[in-house]
Amino acid sequence: MTDVWQSAMDHAVSVARKAGSLVREAVQNEMKVMTKSSSVDLVTQTDQKVETLIILSVKDKFPTHRFIGEESVAAGEPCVLTDSPTWIIDPVDGTTNFVHGYPFVAVSIGFAVNKQLEFGVVYSCIEDKMYTGKKGKGAFCNGQPLQVSDQKEINQAIIATEFGSDRDPEVVERIFSSMRKILCLPVHGIRGVGTAATNMCLVASGCVEAYYEIGVHCWDVAAAAVIVSEAGGVLMDVEGGPFDLMSRRVVAANCRSIAERIVKEIDAFSPPRDDAPQ
Ligand code: IPD
Ligand code: CA
């Protein structure tokens, strides 16, 4: 079968572009900032407006498809991945960046069928970079093919990670402990642009060897997971098992040996799963 889901992917690219221009315009304006799970987990009306725009536009074209969207879940919708075609949406990945005008904000749209990710679209809208990946068909940025770095030595690598939005002192301690160990391997540097999706696209682009984080959500990583794999990278759990989209834990790397080396240094913990019963 050739190019199954291509029309869905084309639609994802087109709606991500529309969503991105809305985000770009909104970044210039005054905004009302609200909070969700903690005082540093931010949300704005733009997050909600953009998610509604994406869902309505997809529903119009694919009325039987399902959705997992960051803001719909925050509003009480279930976060359960079934075998049905499902769009996994983060309308504004990097909401803290968006609020502060820090110039990395992405619209992230993943698509899964039978619980398998089929394609991902990440539009880094301030930079105007459209990243796409489709199972078996490669990964691209603005139409140019992506390939992960060929670096195999961790001590020649740049590793991306984030602090997330949990300020529980024990969680913060584990985050710092992992970072300290990885920094002192030593690696060339630790980076993080404030959006999980974009960090993963930087792995796919070859300028960062790996990204890891505990505390992400499925909508942060679904789309970019396809982009990383299709650029030749690997995905793994932070304890070395297979990547589990709902687990809120991810390692994305250019190669298995770097992923496994990072896993050895991570002080792992398990936040409540995205699909845990509410
Ligand atoms: C967050 C960003 C951030 C990551 C958090 C995510 P949001 O998403 O991707 O980089 O550290 O874990 O939740 O809240 O900006 O959509
Ligand atoms: Ca997000």
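Below is a short write-up of the structure. All of these numbers come straight from a predicted model, not from anything done at the bench. (Residues numbered from 1 in each chain as written. Chains lettered and ligands numbered in written order. Predicted model: local features only at pLDDT ≥ 70, side-chain atom pairs only at ≥ 80, totals over all residues. Heavy atoms only, no water.)

## Section: the pattern of salt bridges
Taken as a whole, this structure holds 13 salt bridges when the rule is applied. Asp267 is paired through a salt bridge with Arg174; the nearest N and O atoms lie 3.4 Å apart. Placement of Asp267 in the segment after helix 8 (256-265) and of Arg174 in helix 5 (residues 169-183) is noted, with a sequence separation of 93 residues between them. The exposure class of Asp267 is partly exposed, given its relative accessible area of 25%. When its relative accessible area of 26% is taken as the criterion, Arg174 is described as partly exposed. (Salt bridge = Lys/Arg side-chain N within 4 Å of Asp/Glu carboxyl O. Helix = DSSP H or I, 4+ residues; strand = E, 2+ residues; numbered from the N terminus. Buried < 20%, exposed > 50% of the residue type's maximum accessible area, 1.4 Å probe, protein only.)

## Concerning the coordination of the calcium ion (ligand 2)
Protein ligation of the calcium ion (ligand 2) involves Asp90 (OD), Asp93 (OD) and Asp220 (OD), the donor distances falling in the range 1.9 to 2.4 Å. Sequence positions of the donors to the calcium ion (ligand 2) reduce to the motif D-x2-D-x126-D. In this structure Asp93 comes out as buried when scored by relative accessible area, which is 6%. (Donors = N, O, S within 2.8 Å, 3.2 Å for Na, K, Ca; no water.)

## What about the side chain of Thr44?
Tracing the backbone through its elements, the reader meets Thr44 in strand 2 (residues 42-44). One polar contact links the side chain of Thr44 to the main-chain amide nitrogen of Thr46, over a distance of 3.1 Å. A distance of 2.6 Å separates polar atoms of two side chains, one belonging to Thr44 and the other to Asp47. (Polar contact = N/O pair within 3.5 Å; in protein donor to acceptor, adjacent residues only side chain to side chain.)

## Let's talk about empty space enclosed by the protein
Inspection of the entire model under this criterion finds 1 cavity of 30 Å³ or more. As a volume, the largest cavity reaches approximately 80 Å³. Counted by class, the lining of the largest cavity contains 5 nonpolar, 2 polar and 4 charged residues. (1 Å grid on protein atoms, 1.4 Å probe; cavity = no way out; pocket = protein on both sides within 12 Å on 5 of 7 lines; lining within 4 Å. Points joined across faces, edges and corners; volume = space filled by probe spheres on them. Nonpolar A, V, L, I, M, F, W, Y, C, P; charged D, E, K, R; others polar.)

## A closer look at the site of ligand 1
In the vicinity of ligand 1 there are 15 residues, among which Asp93, Gly94, Thr95, Ala196 and Glu213 approach most closely. Note that an oxygen atom of ligand 1 is positioned 3.3 Å from one of the side-chain N or O atoms of Asp90. At 2.7 Å from an oxygen atom of ligand 1 is found a main-chain nitrogen or oxygen belonging to Gly94. A total of 380 Å² of accessible area belongs to ligand 1 in isolation, and the protein chains cover 89% of it. (Near = heavy atom within 4 Å. Areas by Shrake-Rupley, 256 points an atom, 1.4 Å probe, with all protein chains shown as cover.)

## Let's talk about the nonpolar core
Ranked by internal contacts, the top residues of the largest apolar core, which has 41 residues, are Ile88, Val122 and Met200. At the level of elements, strand 5 (106-113), strand 6 (116-124), strand 8 (138-141), helix 6 (196-205), helix 7 (218-230) and strand 14 (249-253) are the ones that each hand at least two residues to this core. Sorting elements by how many residues they give to this core places helix 7 first, with 10 residues. Residues from two domains meet in this core; each of domain 1 (3-143) and domain 2 (154-263) gives at least three. In contact with Met200, not counting residues within four places along its chain, are Tyr211, Val221, Ala224, Ala225, Val228, Leu235, Val250 and Ala252. Counting residues in each nonpolar core, the second largest holds 29 residues, with Ala19, Ile55, Trp87 and Ile109 among its members. (Core = buried A, V, L, I, M, F, W, Y, C linked by side-chain atoms within 4.5 Å. Domains from an automatic or database assignment. Contact = heavy atoms within 4.5 Å.)

## Things to note about the sheet that holds strand 12 (residues 210-214)
Taken in spatial order, the 5 strands line up as 11-10-12-14-13 in an open sheet, and their pairing is mixed. Looking at which strands have only one partner, the edges of the open sheet turn out to be strand 11 (189-191) and strand 13 (234-236). Between one strand axis and the next, the sheet turns through 20 degrees on average, direction left out of account. Both strand 10 (residues 158-160) and strand 11 contribute to a ladder of 3 bridges, which runs parallel. Of the residues in strand 11, the one forming a bridge with Ile158 is Gly189. Across the sheet, helix 6 is in contact with strand 10, strand 12, strand 13 and strand 14; its angle to strand 12 comes to roughly 155 degrees. Here helix 7 sits on the sheet and contacts strand 13 and strand 14; the angle it forms with strand 13, its principal contact strand, is near 135 degrees. (Pairing = 2+ DSSP bridges. Axes fitted to C-alpha atoms, helices over the stretch in contact; angles between N-to-C directions.)

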